[in-house]
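The primary structure of each chain is shown beneath.
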Amino acid sequence: MRDRQRQKVYDWENKSSWNGKGSDQLNEQQCLFIINNLNKIYKGMRVDTTFVNGDRRYAKCWNRVRHHEIELPRQWALCWSVVLHEYAHAISDSKKYKERPNRAIEPHGKEFVTAFCVLLHKFHPEHPSYKELSQSLRDANVDFEHMESSKFHKQIGRKTIKLTKAKENKDYDFNTSLLKLSPEGRKRTSAGDGHYKPKTKMNRVLCVLDYCIIFLYKDRPITYKQLEASFNKLPYLSDHYNKLIHKVLDKHGKLEPSLVKYMIKQGLIVATSTQNKG
Ligand SMILES: [Zn+2]
């Protein structure tokens, strides 16, 4: 799929007053709050967020088939315009909100631009009007569709996103943390002979976590999501431990965040924040 408007859209965006790139307008928690609220407004959308470090030029919105994943570089992308830009990719690319669900669209084509402008007008603190957005787009020679009659506009109704309501999210650290076993947690997985003894629910979680880190992630701590995904499906290797782990999963195929949080509190699992790294 070609992306003929891409550079034009970037140029238009970069000279607009509402462009906040590099301004540290938002913190990570607020970005998550905005995206989670948009997920509620755009029913049926599941957009996840990850923050990445290092010298990256682009924020991204990945289409993961069943959900989208927005990737925000911490250095410059934590602002309204980037969050809304990436979310506009998700909704304009979604069957549910496309005018023609089965037709592929250009990533920065007119559907995307329309979705982006609706989000800017409705949610950006500057609330640029449709009139001024349309005019600046015409000046920049960027294609777009009528904003007010679009599905993107109609779906919002009277809903707003108030950042003042972005309270401390208790799950926030948990969701972005990397998990590994503490020495105490490691002791619990076996009773001295080095073999897993997954008798209790807690021990099952510890065994799976241990197994994932050692065998699947090559000694790297993993996120809750990776651990949760393992509870749905682990690749089958025919070694002793793998068979044992599969037995564990058969008995207990679901992972509750509350249990993992409890184990963090009990000191069996260590959760390391991924913030401020790199
Ligand atoms: Zn883009």
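Here the structure is a predicted model, which is why all the values come from computation and not from measurement.

## Structural notes on the domain arrangement of the chain
Each domain of the chain was delimited in the assignment, giving domain 1 (6-165) and domain 2 (172-272). For domain 1 and domain 2, the distance between their C-alpha centroids amounts to 37 Å.

## Considerations on the environment of proline 125
For proline 125, the position within the fold is in the loop between helix H4 (110-123) and helix H5 (130-139). Under the C-beta neighbour-count criterion, proline 125 is labelled exposed, with 10 such atoms within 10 Å. Placed 37 residues apart in sequence, proline 125 and lysine 162 show a C-alpha to C-alpha distance of 9.7 Å.

## Quick look at the nonpolar core
Ranked by internal contacts, the top residues of the largest apolar core, which has 40 residues, are Ile35, Leu84, Tyr87, Phe116 and Leu119. Taken together, the elements giving at least two residues each to this core come down to helix H2 (28-41), strand S3 (68-73), helix H3 (80-92), H4 and H5. Per-element accounting of this core gives the leading share, nine residues, to H4. Once residues within four sequence positions are removed from consideration, leucine 119 is found in contact with Leu84, Tyr87 and Ala88. With 20 residues, the next largest nonpolar core counts Leu179, Tyr196, Tyr211 and Met263 among its residues.

About the criteria used
Residues numbered from 1 in each chain as written. Predicted model: local features only at pLDDT ≥ 70, side-chain atom pairs only at ≥ 80, totals over all residues. Domains from an automatic or database assignment. Helix = DSSP H or I, 4+ residues; strand = E, 2+ residues; numbered from the N terminus. Buried ≥ 20, exposed ≤ 12 C-beta atoms within 10 Å, placed from the backbone. Core = buried A, V, L, I, M, F, W, Y, C linked by C-beta atoms within 7 Å. Contact = placed C-beta atoms within 7 Å.

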